[in-house]
Structure formats: C-alpha cells, structure tokens
Amino acid sequence: MIAVRLFLLDACLAIAVAGALVLEATNAVTRPPLWQLTIVAVLVLLLLRRRFPLVTMLAMVALGVFAPTASIAAFFSLYTVAAQRGAKWPTAVAGVASVALVVVTYRPGDVQAWEIIGFVLALSVVLPLVAGLWMNQRAVLLAALRDRAEQAERERDLLSERAVDEERRRIAREMHDVVAHRVSIVALQAGALSVRARDEETGRMAEVIRESSAAALTELRDILRVLRDDRTEPRSLPTPMLAGVARLAGELTDAGACVETDLPDPLPEVPEQVGRAAYRIVQESLTNAAKHAPGAVIRVRLASDAGELVVEVANALGASAGLPGAGYGVIGMRERVTLAGGALRAGPDGADYVVRAAFPLNGSG
C-alpha cells in the first residue's frame, strides 16, 4: 500500500514537472533542442528516482543544463538521494552536482548575481539536502527502535518461557516428593495386606487398593515426565474416551462402591474432545460421590439424543467420608465442558446430588 502511494506521488510530481516544461516550450520562453524527448526523459527519471536515486539525479542534472525547468526534478532527486543514502558519498556527489547545476544555470558575473545564487542554493539545494538527511536519520532511528522493541519482546518471551519451565519443574518436584511418596506407601501397605489377609474379602479389597495405587504411580510418572519436558508425550496414559466410562465404574465397584450404569450399546461416535471431557466428568463425579456420599448408590447414565450427548452422574446425599478435597472439582468440570462447547449443571436435585453435562454433537469436531 505504501509503495502504491509513493508511485502515485511520483506520478503526480512527474506530471507537474512535465506540464511546466510543456508550458515553457509552448510559450516560447525557452525551447531546448528535442524538448519533447526532454519531457519524456524527465517523466521516466522521476518515476525511477526511488529505485536508482544517484543515477537519476546525475541524469537530471545533465538535462537541467539544457532545460532549466528540468532542474526542478533534479532537486527532488537530491532529496531522494539524501533520504535513502544518508550522510554518505552518494549524497555528497549529488550535492556537488546540484551546486554545479545552479552555478552553470545562473552564470554569475557580479555581486548581485552571487546573492541570487546564494538564495537559490539555500532554497533548491540546502533545503532538500537537509530535509532528506533528516528523513534518513528518522528512518534509522525508527528502525533501531523497532529492532530494540522486537529484541525486548523476544527477551520477555524467553524469560516467560524460562519462568514457566522453572515452575513446571518445581511442581514436578513437589508432586514427586509428596504425592508419589504417599501413594507408594499406600501401594506397599496394600500389597502386604493382600498377602496377610485373613479372609478372601479383605484380600480382594487390598488387591484392588494395590492395583489402583500402582496405576496411579504409573500415571503420575508420565505426568511428571511431561511436566519436566513439555516435548515429551505421555506414553502410558490411555486416551480418555467414552469407552473408558465402563472401566471407571468397574474399578469403583471393585473397591466396594455400588455403581449402576446405563450406557448405550454401541456407544455413540463423538469427537475426541467431547469424549475426553465426558470421561473426565464421570471420573470426577465418581470420585466426589465416593468421598462425599460413601455407601450411596451412584448412577451413571450416558444418552445420545436430539443431537446431544448427555452425561449424568447422580447419587443420594449422604455424610462425607472425611476425605479432603481441593475445592476445584466442579470448576474444573465446568471448564472442560465449556471448552468442548457444552453446558454443565451440578448441584442438589431433590434428595440426590446430580452432575449433568450436555455436549452438542452436530457440527462439532
């Protein structure tokens, strides 16, 4: 867009200078030899002055010797050379050529002529030269400021990434030192209890605890690997999808809870994001029900109708098992459902506590 504007500006300037040359020639003020070719040459040089500033400047000086009106274009080219090259030798060459053009054009012979030449030099040489140098320095300054801003932004991003990496490693250390240690103790104690159990029921429950603890350690190890290196993908974690809902209910049933499932057969085909969110909703709801209503019947229902996948987990309100909670369960579920484009409702409903999530299936993906 800027290039188009500059071209239009050069075109308007070329037309104006050409018009002045035509007016001068038609009024017979001065009519240089081959003045038509002079006009064409001025037009071409003005359009090329940004691409070849010094060459076009020297060519315009040569034309200005034969057609004084063409010297106007030379002074515009002087500004272009100074603006593009700055305080370097091309600008000096262009300045000397412009001074020579003025002296040759006016041919001073007395003091008054030198006064006129001084005024013309100040107006047609010094002014475009200073303006061009100022624009060059302004462009250099803006480029330096832009580079400095980009460098500061890159450094800020690097510092942010470093801070995030440090925080991830700190969380990984805390999880390893605290959570992994406690879960390992649970797994060891459950394994010892399953070996020394005096009855089959106790041994079975201890084995369930041991297997759950071992699975938690495996998943925790993968999570720690990801936290320490975000380029690492968890390999042992199964992809949470709708097919895992039955396994979640079975694991909790093996642990002694009463879980009733109402799942469609076959399970509906849903996008991966929806399946993952539904799995996590059921997982979190089962955990909350086991903590806050031990012994109550937990009902898990999946249904797909009217273009929606409905996930519902309900349990009777009861006394808490005394297990601590983070207080972010419902918040996390709502965030997952919202990211999947669904809606969540969680709270008491009569004598039950119901978690109900609805995910749109039409047009999702």
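Participant: Even after reading the chapter, I still don't get a nonpolar patch on the surface, so can you show me in this structure?
Facilitator: A cluster of nonpolar residues, Val44, Leu47, Leu48, Phe52 and Val55, forms a patch on the protein surface that exposes about 410 Å² of accessible area. With three residues, helix α2 (residues 35-48) is the largest single contributor of residues to the nonpolar patch. Mapping Val55 onto the fold places it in helix α3 (residues 53-66).

Participant: Would you mind showing me how to read the packing of helix α8 (residues 245-254) against helix α9 (residues 272-292) here?
Facilitator: Each packed pair of helices is defined by two parameters, the angle between the axes and the distance between the axes. Where α8 meets α9, the axes come as close as 9 Å, and the angle between the chain directions of the two elements is 15°. If you check the angle between α8 and α9, you find them roughly parallel. At the point where α8 passes α9, the crossing takes the right-handed sense. Mapping the contact onto sequence places Val245, Arg247, Leu248, Ala249 and Leu252 in α8 and Tyr279, Val282, Gln283, Leu286 and Ala290 in α9. Residue composition of the contact of α8 with α9, grouped by class: eight nonpolar, one polar and one charged.

Participant: Help me understand the pattern of salt bridges, please; the structure alone is not making it clear to me.
Facilitator: Opposite charge on two side chains allows them to pair when their charged atoms are near. Within the structure shown, the criterion is met by six salt bridges. For the salt bridge of Arg170 with Glu167, the shortest nitrogen-to-oxygen distance reads 2.6 Å. Taken together, the residues Arg170 and Glu167, both in helix α6 (residues 111-196) and three residues apart, mark about one turn of the helix. Here Glu312 and Arg356 are joined by a salt bridge, their closest N and O atoms 3.8 Å apart. Separated by 44 residues along the polypeptide, Glu312 in strand β3 (residues 308-316) and Arg356 in strand β5 (residues 352-360) bring together distant segments of the chain. Look at the salt bridges and you will find they share partners, linking Arg301, Glu312 and Arg356 into a network.

Participant: How do you make sense of the confidence of the model for the protein when you look at a structure like this?
Facilitator: Detailed reading of the predicted coordinates is not advisable wherever pLDDT falls low. Here the protein averages 76 in pLDDT, while 76% of its residues score no lower than 70. Between the elements of the protein, mean pLDDT differs from a low of 59, seen in helix α1 (residues 2-26), to a high of 90, seen in β5. Low pLDDT (under 50) marks residues 321-325, which in the prediction has eight contacts with non-local residues, meaning those over four places away or in another chain.

Participant: Can you help me understand the packing of α9 against helix α10 (residues 329-339) in this one?
Facilitator: Contact pair α9 / α10: the axes reach a minimum separation of 9 Å and the direction vectors enclose 165°. Between α9 and α10, the crossing angle belongs to the class labelled roughly antiparallel. In the crossing of α9 with α10, the sense of the turn from one axis to the other is left-handed. Between α9, through Gln273, Ala277, Arg280, Ile281, Glu284, Ser285 and Asn288, and α10, the contact on the second element is made entirely by Gly329, Met333, Arg336, Val337 and Leu339.

Participant: Can you help me understand α9 in this one?
Facilitator: Every α-helical turn comprises 3.6 residues, leaving residues that sit three or four positions apart pointing alike. Taking 1.5 Å as the rise per residue, α9 with 21 residues should run 30 Å; its terminal C-alpha atoms sit 30 Å apart, in good agreement. Those residues of α9 not exposed but buried are Val274, Gly275, Ala277, Ala278, Tyr279, Ile281, Val282, Ser285, Leu286, Asn288, Ala289 and Lys291. In this fold, the buried residues of α9 make contact with α8, β1 (258-262), β2 (297-305), β3, α10 and β5.

Reading guide: rules and limits
Residue indices begin from 1 for each chain and proceed along its sequence in written order. In view of the model being predicted, local features appear only for residues whose pLDDT reaches at least 70, and side-chain atom pairs are presented and counted only at 80 or more, with totals across whole chains, interfaces and linings using the full set of residues. Values reported for side chains reflect all heavy atoms of the structure, with hydrogen atoms and water molecules removed beforehand. Patch membership requires more than 30% relative accessible area and the absence of a salt bridge. Residues of like charge join within 9 Å; the nonpolar side chains Val, Leu, Ile, Met, Phe, Trp and Tyr join within 5 Å. Values of accessible area rely on a 1.4 Å probe in the Shrake-Rupley scheme; residue burial ignores everything except the protein chains shown. A pair is scored as a salt bridge if a Lys or Arg side-chain nitrogen falls within 4 Å of a carboxyl oxygen belonging to Asp or Glu. Runs of H or I in DSSP of at least four residues are treated as helices and runs of E of at least two as strands, each being numbered from the N terminus. Between N-to-C directions, angles cover 0 to 180 degrees, with each direction set by a line fitted to C-alpha atoms, over the stretch in contact for helices. Note on angle classes: values under 35 degrees are labelled roughly parallel, values over 145 roughly antiparallel, values of 65 to 115 roughly perpendicular, and the remainder oblique. Rotating anticlockwise by less than a right angle from the far helix to the near helix defines a left-handed crossing, while the corresponding clockwise rotation defines a right-handed one. What makes two residues a contact is simply this: any of their non-hydrogen atoms within 4.5 Å. Under this grouping Gly is polar, as are all residues other than the nonpolar Ala, Val, Leu, Ile, Met, Phe, Trp, Tyr, Cys and Pro and the charged Asp, Glu, Lys and Arg. pLDDT is defined as a per-residue confidence score from the predictor, taking values between 0 and 100. To estimate the expected span of a helix, count its residues, drop one, and scale the result by 1.5 Å. Exposure is judged per residue with a 1.4 Å probe applied to protein chains only, and the accessible area is read against the type maximum: over 50% gives exposed, under 20% gives buried, and values in between give partly exposed.

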